[in-house]
Amino acid sequence: MSPFPLLAGAVGMVFVGGSVAVSGVLADTPMLTVQCLRYTVAALLLALFARATGRRLVRPRGTEWLWLGGVVLTGMFLFNVALVLGARHAEPAVLGVAVACVPVLLAVVGPLIEGHAPAVRLIAAALVVTAGAGLVQGFGRADAIGLLWALVTFACEAGFTLLAVPVLGRHGPLGVSVHAIWMAAVLFGATGMAWEGPAAVLRLTGADLLAGAYLAVAVTALAFVLWYSCVERVGTARAGLLTGIAPIAAAATGVVLGGPRPSLLVWLGVAVVATGLALGLTERDRVRLGAGPPDHDSDGDLASVLRPSGAGRG
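Residues numbered from 1 in each chain as written. Predicted model: local features only at pLDDT ≥ 70, side-chain atom pairs only at ≥ 80, totals over all residues. Heavy atoms only, no water.

A few words on the packing of helix α8 (residues 165-195) against helix α9 (residues 206-234). Interaxial distance between α8 and α9 falls to 9 Å at its minimum, and their mutual angle equals 175°. The orientation of α8 relative to α9 falls into the category roughly antiparallel. Between α8 and α9, the contacting residues are Val165, Leu168, Gly172, Pro173, Leu174, Val176, Ser177 and Ile181 on the first element and Thr220, Phe224, Val225, Tyr228, Ser229, Val231 and Glu232 on the second. (Axes fitted to C-alpha atoms, helices over the stretch in contact; angles between N-to-C directions. Helix = DSSP H or I, 4+ residues; strand = E, 2+ residues; numbered from the N terminus. Parallel < 35°, antiparallel > 145°, perpendicular 65-115°, else oblique. Contact = heavy atoms within 4.5 Å.)

Shown next, in the form of structure tokens:
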């Protein structure tokens with residue numbers, strides 16, 4: 001298995017982890033308006049990239065609109081809403097641990113969607129990664145409503161990956177990213193106009209715009225394509241293990257920005273995550289239920305990882 005798809009997924013998770021500190025800057029801003037601007041900029045950047053590189057984006061058809069809409073509604077809209085509302089009833093660590101449980105669901109459900117049986121070793125690796133991520137993030141307190149929002153966060157984070165699988169074959173990572181992002185921009189724009197009003201954009205400061213720019217470029221335009229490239233090439237179960245990198249990146253970013261040094265428990269969590277990654281990413285063992293998806297190996301260069309396979313069809 002080529003290391004490049006895994007490297008793409010890992011880099012994407014580093015960007016996501018680094019966004020934790022950046023998102024803190026936006027805690028008191030009009031959330032819906034910021035998200036609309038973020039996704040609008042990201043969509044324009046990816047559309048320009050597709051045009052400059054001659055990669056044709058095909059229009060979704062039929063049920064593809066439903067799959068893409070599901071990605072947007074769960075993994076992008078409700079996920080952000082759940083984080084904001086959940087933070088009022090639960091400590092951040094509770095929501096973080098909920099997200100850290102996603103590798104287990106991806107290891108079980110992802111292979112079934114792709115057409116082959118889950119691998120016991122990958123499920124075990126996902127459990128190890130989840131345990132390590134929990135140690136890195138720590139554990140907090142929550143009331144019943146907070147736990148409910150944590151469950152919603154967990155489901156929405158999983159939906160971001162699982163609901164994209166059926167459309168990756170025709171649209172490729174770039175196509176899925178572009179369509180999901182522009183649809184998210186429309187959804188956040190419409191709700192932002194209704195709840196925050198058109199004047200909300202005037203309340204944004206220079207720091208808000210810089211933070212939003214990072215989210216648009218690194219966490220959206222780049223991370224989306226990198227992540228979906230990884231999912232397409234190595235499958236959801238293996239890609240899901242890489243989500244354990246995000247809390248480690250978040251902790252490292254906090255230190256760089258002047259936060260406290262990691263405790264012994266955090267270092268233990270890093271070691272546990274590394275163990276889980278080693279367990280799950282060193283072999284390829286599948287039990288086919290049917291024909292299954294094509295082999296996910298790339299041809300060994302970074303350009304192949306970013307190539308939107310199938311994006312020119314249809």
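So, next bit.
In this section: the nonpolar core. Nonpolar side chains tend toward joint burial in soluble globular proteins. Counting residues in each nonpolar core, the largest one holds 54 residues, and the members touching the most others are Met76 and Leu242. The element contributing the most residues to this core is α8, with twelve residues. Excluding residues that lie within four positions of it along the chain, Met76 makes contacts with Tyr39, Val71, Phe160, Ala180, Ile181, Ala184, Phe188 and Phe224. Val34, Leu204, Ala218 and Val219 belong to the second-largest nonpolar core, a separate cluster that totals eight residues. (Core = buried A, V, L, I, M, F, W, Y, C linked by side-chain atoms within 4.5 Å. Buried < 20%, exposed > 50% of the residue type's maximum accessible area, 1.4 Å probe, protein only.)

Our focus in this paragraph is the packing of helix α2 (residues 31-52) against helix α3 (residues 64-86). The geometry of α2 relative to α3 is characterised by a closest axis approach of 12 Å and an angle of 145° between their N-to-C directions. The two elements α2 and α3 cross, and the hand of that crossing is right-handed. Along its contact with α2, which presents Met31, Leu32, Gln35 and Tyr39, the element α3 presents Met76, Phe77, Asn80, Val81 and Val84. Residues of the contact of α2 with α3, tallied by class, amount to seven nonpolar, two polar and no charged. (Left-handed = near helix turned anticlockwise from the far one by under 90°. Nonpolar A, V, L, I, M, F, W, Y, C, P; charged D, E, K, R; others polar.)

This part covers the packing of aromatic side chains. Applying the stated criterion across every chain yields a total of five aromatic pairs. With a centroid separation of 5.1 Å and an interplanar angle of 50°, the aromatic rings of Phe77 and Phe188 are classed as tilted. Linking Phe77 in helix α3 with Phe188 in helix α8, this pair joins segments that are 111 residues apart in sequence. Here Phe77 matches Phe188 in class, with each residue buried. Members of the aromatic cluster, joined through ring pairs, are Tyr39, Phe77 and Phe188. (Phe/Tyr/Trp six-rings, centres within 6.5 Å; stacked < 30°, edge-to-face > 60°.)

Its place among the elements puts Ala158 in helix α7 (residues 144-162). Accessibility expressed as a relative area gives 1% for Ala158, which makes it buried. If near-sequence neighbours (up to four positions away) are discounted, Ala158 is found in contact with Val102, Leu105 and Leu106.

So, about the pattern of salt bridges. With the rule as written, the count across this model stands at two salt bridges. With a closest N to O distance of 2.8 Å, Arg170 and Glu64 form a salt bridge. In this pair, Arg170 is assigned in helix α8 and Glu64 in helix α3, connecting sequence segments 106 residues apart. Across this residue pair, the class does not change: Arg170 and Glu64 are buried. We note a salt bridge from Glu232 to Arg233, for which the minimum N-O separation is 3.5 Å. By relative accessible area, which is 6% here, Arg233 ends up buried. (Salt bridge = Lys/Arg side-chain N within 4 Å of Asp/Glu carboxyl O.)

Here α3 spans 30 Å end to end across 23 residues, near enough to the 33 Å set by a 1.5 Å rise per residue. Considering bend angle alone, the principal kink of α3 is centred on Leu78 and spans about 40°. (Expected span 1.5 Å × (residues − 1). Bend = angle between axes of the 7 residues up to and from the residue.)

A word on the confidence of the model for the protein. A low pLDDT means the predicted coordinates there should not be read in detail. The predicted model of the protein averages 84 in pLDDT, with 87% of residues at 70 or higher. Confidence, read as mean pLDDT per element, is least for helix α13 (residues 302-306) in the protein (37) and greatest for α8 (95). Here residues 285-314 is a poorly scored stretch, pLDDT under 50, and it has 82 contacts once near neighbours within four places are set aside; other chains count. (pLDDT = per-residue confidence, 0-100.)

Attention shifts here to a nonpolar patch on the surface. Residues Leu37, Val201, Leu202 and Leu209 make up a contiguous nonpolar surface patch of about 370 Å² in total accessible area. Mapped onto the elements of the fold, Leu202 is located in the loop between α8 and α9. Classification of Leu202 as exposed rests on a relative accessible area of 72%. (Patch = residues over 30% accessible without salt bridge, like charges linked within 9 Å, V, L, I, M, F, W, Y side chains within 5 Å. Areas by Shrake-Rupley, 256 points an atom, 1.4 Å probe, with all protein chains shown as cover.)

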